[in-house]
Amino acid sequence: MVVKSQIKLIKSLQQKKCRIEHKMFVVEGKKTVNELLASNLEVYKVFSTEEIYKKEVGDFCELITNKELEQISSLKNPSSVLGVFYMPKPEE
């Protein structure tokens with residue numbers, strides 16, 4: 001279940017100033033989320049409507065309903081997976 005504070009945070013990340021402030025960004029779609037999980041980016045949370053995907057990904061994946069996914073998604077027809085990742089830290 002997605003709590004109100006998480007919904008508010010994820011919806012705010014649609015704006016550039018909030019992405020910069022929180023140093024986080026949202027990715028939608030199973031393929032893109034899988035690619036970022038395989039990279040060295042730090043994960044905040046992954047939300048999925050599929051229980052099988054939760055078992056594949058692990059602890060940082062949260063099972064949600066389609067209605068909750070529609071609330072947090074910026075797409076008209078959201079896919080089954082949404083991920084929130086931290087921005088990479090710039091190298092010196």
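Figured I'd write up the structure that's included with this text. (Residues numbered from 1 in each chain as written. Predicted model: local features only at pLDDT ≥ 70, side-chain atom pairs only at ≥ 80, totals over all residues. Heavy atoms only, no water.)

What follows deals with the packing of aromatic side chains. As enumerated under the stated definition, the model contains 2 aromatic pairs in all. Judged by centre distance (6.1 Å) and plane angle (25 degrees), the ring pair of Phe25 and Phe85 falls under stacked. Note that Phe25 is positioned in strand 1 (residues 24-28) and Phe85 in strand 4 (residues 81-86), a separation of 60 residues in sequence. Note on accessibility: Phe25 and Phe85 belong to one class, buried. Each ring, one from Tyr44 and one from Tyr86, has its centre 6.1 Å from the other, and the planes form 90 degrees; the classification is edge-to-face. Pair noted here: Tyr44 is in strand 2 (residues 43-48) and Tyr86 is in strand 4, with a separation of 42 residues, a long-range link. Residue class for Tyr44 comes out partly exposed when judged on its relative accessible area of 28%. (Phe/Tyr/Trp six-rings, centres within 6.5 Å; stacked < 30°, edge-to-face > 60°. Helix = DSSP H or I, 4+ residues; strand = E, 2+ residues; numbered from the N terminus. Buried < 20%, exposed > 50% of the residue type's maximum accessible area, 1.4 Å probe, protein only.)

This brings us to the pattern of salt bridges. Pairing is possible between side chains of opposite charge, provided their charged atoms come close. What the rule picks out here adds up to 2 salt bridges. Residue Glu50 is joined to Lys30 by a salt bridge in which the shortest nitrogen-to-oxygen separation is 2.9 Å. Of this pair, Glu50 sits in the loop between strand 2 and helix 4 (51-57) while Lys30 sits in helix 3 (residues 30-38); the two residues are 20 residues apart in sequence, bridging distant segments of the chain. Overall, the relative accessible area of 28% leaves Glu50 in the partly exposed class. (Salt bridge = Lys/Arg side-chain N within 4 Å of Asp/Glu carboxyl O.)

Attention shifts here to the nonpolar core. Ranked by size, the top nonpolar core spans 12 residues in total: Val2, Ile7, Leu9, Ile10, Leu13, Met24, Phe47, Ile64, Leu69, Ile72, Leu82 and Val84. Looking at this core, the elements with two or more residues in it are helix 1 (4-12), helix 5 (66-72) and strand 4. Per-element accounting of this core gives the leading share, 3 residues, to helix 1. Aside from chain neighbours lying at most four places away, what touches Leu13 is Cys18, Arg19, His22, Met24, Val26 and Val84. (Core = buried A, V, L, I, M, F, W, Y, C linked by side-chain atoms within 4.5 Å. Contact = heavy atoms within 4.5 Å.)

Right, let's talk about helix 1 for a bit. Where helix 1 is concerned, the buried positions are Gln6, Ile7, Leu9, Ile10 and Ser12. On its buried face, helix 1 is in contact with helix 2 (16-22), strand 1, strand 2, strand 3 (61-63), helix 5 and strand 4.

Read from one edge of the open sheet, 4 strands run 1-4-2-3, paired in mixed fashion. Both edges of this open sheet fall to strand 1 and strand 3, since each of them pairs with a single strand only. Sheet twist, expressed as the average angle between the axes of neighbouring strands with direction ignored, equals 20 degrees. Both strand 2 and strand 4 contribute to a ladder of 5 bridges, which runs antiparallel. Paired with Phe47 across the bridge in strand 4 is Leu82. Its contacts with the sheet place helix 1 against strand 1, strand 2, strand 3 and strand 4, and it is angled at close to 105 degrees to strand 2. Set on the sheet, helix 3 makes contact with strand 1, strand 2 and strand 4; between it and strand 4 the angle comes to about 30 degrees. (Pairing = 2+ DSSP bridges. Axes fitted to C-alpha atoms, helices over the stretch in contact; angles between N-to-C directions.)

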